[in-house]
Amino acid sequence: MAAIKESEILEPVRQTSPHEFKRGDKVLRFVLGERIAHWNHALTFLILLFTGGALVVRGLAGALDRDALLLFGQIHRIAAVPFTLLTIPILYIMARKTAGKWVRDSFTFDKDDIGFLAGFAKEFFGIHVKLPDQGRFNGGEKVNSILQILGWPVMVITGWMMVYKTDLPRGLMEWVIPIHSITALLLGCAVLGHIYLATVHPGSKPGLSGMFSGWVPGKWAKAHYRKWYDQLPEE
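A brief look at the structure comes next. Being a predicted model, the structure only gives us computed values, none of them experimental. (Residues numbered from 1 in each chain as written. Predicted model: local features only at pLDDT ≥ 70, side-chain atom pairs only at ≥ 80, totals over all residues. Heavy atoms only, no water.)

Remarks on the side chain of T84
Right, on to step 1. With respect to the helices and strands, the residue T84 is situated in helix α4 (residues 66-85).
Right, on to step 2. Here A80 takes part through its backbone oxygen, which lies 2.6 Å from a polar atom of the side chain of T84.
Right, on to step 3. Setting aside residues up to four positions removed in sequence, T84 forms contacts with W152, V156 and W160. (Helix = DSSP H or I, 4+ residues; strand = E, 2+ residues; numbered from the N terminus. Polar contact = N/O pair within 3.5 Å; in protein donor to acceptor, adjacent residues only side chain to side chain. Contact = heavy atoms within 4.5 Å.)

Printed below as a string of C-alpha cells:
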C-alpha cells in the first residue's frame, strides 16, 4: 500500500474555515461579522442609489421641490459615512479570516466557474440547466463580489470629491461626475439582480437565511455549492 502523505490528509481541512461547519440539516455559511458588514454595505448603498438617482436624474429631480432635493442631499451625505467607514473595519475585526478567503476566492476562477457563467443566464430566467459543481461562491457571486470590491473605492473617492467639488479643478470634475454615475449604475444593476436572486428566484432564495441567521439548509448548500459542502466538517 502506498504511503499517505501528511499534506494529503491536511489539505481538505486547510480549504475550510473553522467558522464553517455542518450541524444536522443546516450549514453555517456566514459568520456574524460577514452578515453585519453585508447589511451595512447593502443598505447604505441602496439609500445612496435612491437619493443619488433623485438628485441627478432629471425626471426624478423635476418631480421634487427644492426642500426635498436638499433633504435627499443631506440623507445622501449621511449614508455615505457608514458606507465609507464601516464595512472594512467590521470585516477586519469580526471576520478577518473568512473575509480574506472571500476576497481570494472571488478573484480565483476555474473551469467550473466559467461553465457556471456560461449556463447561468438560462437559470437566471427560470430555465433549469445542469450547472457545474461550485465552491463556497459560484461564478456569478464571484463576478458580483469583484464588482463590489472594485466599485466601492471608485464610489467612495469620486463621491467625496463631488462633496468638495468647489475646491477641485473644474476639468477634473468633468471626469469624476460621469465616472461616479456610471459606476453607480453598474453596481445598481448588479445589486438589483442580487436582490432578485435572493428574494424571488426559487433556486436561490433559500440562501437568504444565511444573511440573517448565518445558517442555510444543508440540502440546498449541497446542491448549489457541492465542492464547498463536501469539505465542511461536522460540528
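After that view, the rundown keeps rolling.
With respect to the layout of surface pockets
Right, on to step 1. Considering only enclosed or pocket space, the second largest pocket measures out at about 740 Å³ in volume.
Right, on to step 2. The wall of the second largest pocket is formed by 29 residues, among which G52, V56, H76, M162 and H180 lie closest to the centre.
Right, on to step 3. Elements with a contribution of two residues or more to the lining of the second largest pocket: α2 (32-56), α4, α8 (139-163) and α9 (170-199).
Right, on to step 4. Element by element, the count of residues in the lining of the second largest pocket is highest for α9, at 8 residues.
Right, on to step 5. Along the lines of polarity and charge, the residues of the lining of the second largest pocket split into 18 nonpolar, 9 polar and 2 charged. (1 Å grid on protein atoms, 1.4 Å probe; cavity = no way out; pocket = protein on both sides within 12 Å on 5 of 7 lines; lining within 4 Å. Points joined across faces, edges and corners; volume = space filled by probe spheres on them. Nonpolar A, V, L, I, M, F, W, Y, C, P; charged D, E, K, R; others polar.)

Considering the packing of aromatic side chains
Aromatic ring pairs are described here by two measures, namely the spacing of the ring centres and the angle between the planes.
Right, on to step 1. Within this structure, the stated rule accounts for 10 aromatic pairs.
Right, on to step 2. For the pair F116 and F120, a centre-to-centre distance of 5.0 Å together with 15 degrees between the ring planes defines the contact as stacked. Taken as a pair, F116 and F120 lie in helix α7 (residues 111-124) at a separation of 4 residues, close to a single helical turn. For the pair F116 and F120, a shared accessibility class is recorded, and that class is buried.
Right, on to step 3. Judged by centre distance (5.5 Å) and plane angle (65 degrees), the rings of W220 and Y225 are edge-to-face.
Right, on to step 4. One residue, R96, lies across the ring of Y92, its end atom 4.1 Å from the ring centre. (Phe/Tyr/Trp six-rings, centres within 6.5 Å; stacked < 30°, edge-to-face > 60°. Buried < 20%, exposed > 50% of the residue type's maximum accessible area, 1.4 Å probe, protein only. Lys NZ or Arg CZ within 6 Å of the ring centre and 35° of its normal.)

Here's the deal with the side chain of H41
Right, on to step 1. You can see H41 is positioned in helix α2.
Right, on to step 2. Aside from chain neighbours lying at most four places away, what touches H41 is F83, T87, Q148 and W152.

Observations regarding the packing of α2 against helix α5 (residues 87-94)
Right, on to step 1. Two elements in contact, α2 and α5, have axes separated by 8 Å at closest approach and are oriented at 175 degrees. Considering the angle they form, α2 stands roughly antiparallel to α5. Counted together, L32, G33, E34, I36, A37, N40 and H41 of α2 and T87, I90, L91 and M94 of α5 form the full contact between these two elements.
Right, on to step 2. Of the residues contributing to the contact of α2 with α5, the split by class is 6 nonpolar, 4 polar and 1 charged. (Axes fitted to C-alpha atoms, helices over the stretch in contact; angles between N-to-C directions. Parallel < 35°, antiparallel > 145°, perpendicular 65-115°, else oblique.)

Topic: the environment of L71
Right, on to step 1. By the element assignment, L71 lies in helix α4.
Right, on to step 2. Classification of L71 as partly exposed rests on a relative accessible area of 44%.
Right, on to step 3. For L71 and T51, which are 20 residues apart along the polypeptide, the C-alpha to C-alpha distance reads 9.2 Å.

Section: the pattern of salt bridges
Right, on to step 1. Inspection of the entire model under this criterion finds 8 salt bridges.
Right, on to step 2. E141 is the salt-bridge partner of R29, the closest N and O atoms lying 3.7 Å from each other. Remark: E141 occurs in helix α8 and R29 occurs in the loop between β2 (26-28) and α2; sequence separation between them is 112 residues.
Right, on to step 3. Overall, R29 belongs to the buried group, its relative accessible area being 3%.
Right, on to step 4. By relative accessible area, which is 23% here, E141 ends up partly exposed.
Right, on to step 5. With a shortest N-O distance of 3.2 Å, D105 and K101 are connected by a salt bridge. Here K101 and D105 lie together in helix α6 (residues 96-106), a separation of 4 residues that amounts to about one turn.
Right, on to step 6. Through salt bridges that share partners, D110, K111, D112 and K227 make up one connected network. (Salt bridge = Lys/Arg side-chain N within 4 Å of Asp/Glu carboxyl O.)

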